[in-house]
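Spelled out, the chains give:
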Amino acid sequence: MEQSPDPHDLDTGTLALFAGLAAASAVQDEVAARGFPDLRMSHGYVFQHLVHARPTIGDLAEKLDMTQQGASKAVAELERLGYAERLPDPHDARVRRVTLTPRGHEAVTAARRARASLEERLRQRFGATALDAARTLLTDLLDALGGTAAVRRREVRPPR
C-alpha cells in the first residue's frame, strides 16, 4: 500500500503550487459567495487583459498563447455569463474590442476583496512578520524563475 505524501517532503515548486491552488480555491469560494458562482480560475487569465485595456480577439490570443478560435471561445463564454462584451473600435468599426461589462467590473472588485480577506486571515493566523517573510521569499522565487516580468505586464499565461 502506497503511503500518502507528507507536504514537508514536497519540493519547493510543488509546495508553492499547491499552496497557490488552495489560496485560489479559497478566493473562488468567497467570490462565489459574493454573487459570482459561475466564475472559474481560468477566467482570470482573460480578465487580467480586460481590466485596463480593450484588446481584440487576436491580441488576447497572442497574450494568452492560444489560437484566435480558443480566445474567441473564452470570450464567448464570458459574454454568455454577462462579464464581457465585444464593442466596435471607435476608430475602425470593422474591428471589435473586448471589454468588461459592469458585472465584469463587479466581479473584479469581488475578487480583489476576497483576496484582501484571505490576506487578512493569513495575517491573523501567522502574524505580519511571518506572512511578509513568506511573501518576500515567494516574490524572490518568482523573480529567480523568470516570472516577474509576466506579472508586471499582466501577461500570466495559463499552464500548459
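Values in this document were obtained by computation on a predicted structure and should not be read as measured data.

Definitions and cut-offs
Residues numbered from 1 in each chain as written. Predicted model: local features only at pLDDT ≥ 70, side-chain atom pairs only at ≥ 80, totals over all residues. Heavy atoms only, no water. pLDDT = per-residue confidence, 0-100. Helix = DSSP H or I, 4+ residues; strand = E, 2+ residues; numbered from the N terminus. Contact = heavy atoms within 4.5 Å. Polar contact = N/O pair within 3.5 Å; in protein donor to acceptor, adjacent residues only side chain to side chain. Phe/Tyr/Trp six-rings, centres within 6.5 Å; stacked < 30°, edge-to-face > 60°. 1 Å grid on protein atoms, 1.4 Å probe; cavity = no way out; pocket = protein on both sides within 12 Å on 5 of 7 lines; lining within 4 Å. Points joined across faces, edges and corners; volume = space filled by probe spheres on them. Buried < 20%, exposed > 50% of the residue type's maximum accessible area, 1.4 Å probe, protein only.

Concerning the confidence of the model for the protein
Part 1 of the argument: Averaged over every residue, the pLDDT of the protein is 93; residues scoring 70 or more account for 99%.
Part 2 of the argument: Highest mean pLDDT in the protein belongs to helix H5 (residues 102–126) (97); lowest belongs to helix H7 (residues 148–152) (90).

Structural notes on the environment of Thr-148
Part 1 of the argument: If you trace the backbone, Thr-148 turns up in helix H7.
Part 2 of the argument: Residue contacts for Thr-148: discarding those within four places in its chain leaves Thr-139, Leu-142 and Asp-143.
Part 3 of the argument: A polar side-chain atom of Thr-148 sits 3.1 Å from a polar atom in the side chain of Asp-143.

Describing the packing of aromatic side chains
Note on aromatic pairs: each is described by the distance of the centres and the angle between the planes.
Part 1 of the argument: Summed over all chains, the structure comprises two aromatic pairs.
Part 2 of the argument: Feature note: the residues Phe-36, Phe-47 and Tyr-83 constitute an aromatic cluster, connected by ring pairs.

As for the layout of surface pockets
To find the voids left in a structure, one rolls a probe of water-molecule size over its atoms.
Part 1 of the argument: In this model, the second largest pocket occupies a volume close to 170 Å³.
Part 2 of the argument: Lining the second largest pocket, in full, are Arg-40, Ser-42, His-43, Tyr-45, Val-46, Leu-64, Met-66, Ala-74, Glu-77 and Pro-158.
Part 3 of the argument: Residue assignment for the lining of the second largest pocket shows that the elements contributing at least two residues are helix H2 (43–47) and helix H4 (68–81).
Part 4 of the argument: Top element by residues in the lining of the second largest pocket is H2. It accounts for three residues.

What to know about the side chain of Gln-48
Part 1 of the argument: Checked against the element boundaries, Gln-48 lands in the loop between H2 and helix H3 (57–64).
Part 2 of the argument: Assessed through its relative accessible area of 13%, Gln-48 is described here as buried.
Part 3 of the argument: At 3.2 Å, the side chain of Gln-48 forms a polar contact with the backbone oxygen of Tyr-45.
Part 4 of the argument: Reaching out from Gln-48, the side chain makes a polar contact with the backbone oxygen of Val-156 at a distance of 2.6 Å.
Part 5 of the argument: When sequence neighbours within four positions are dropped, the list of residues in contact with Gln-48 reads Leu-64, Arg-154, Glu-155 and Val-156.

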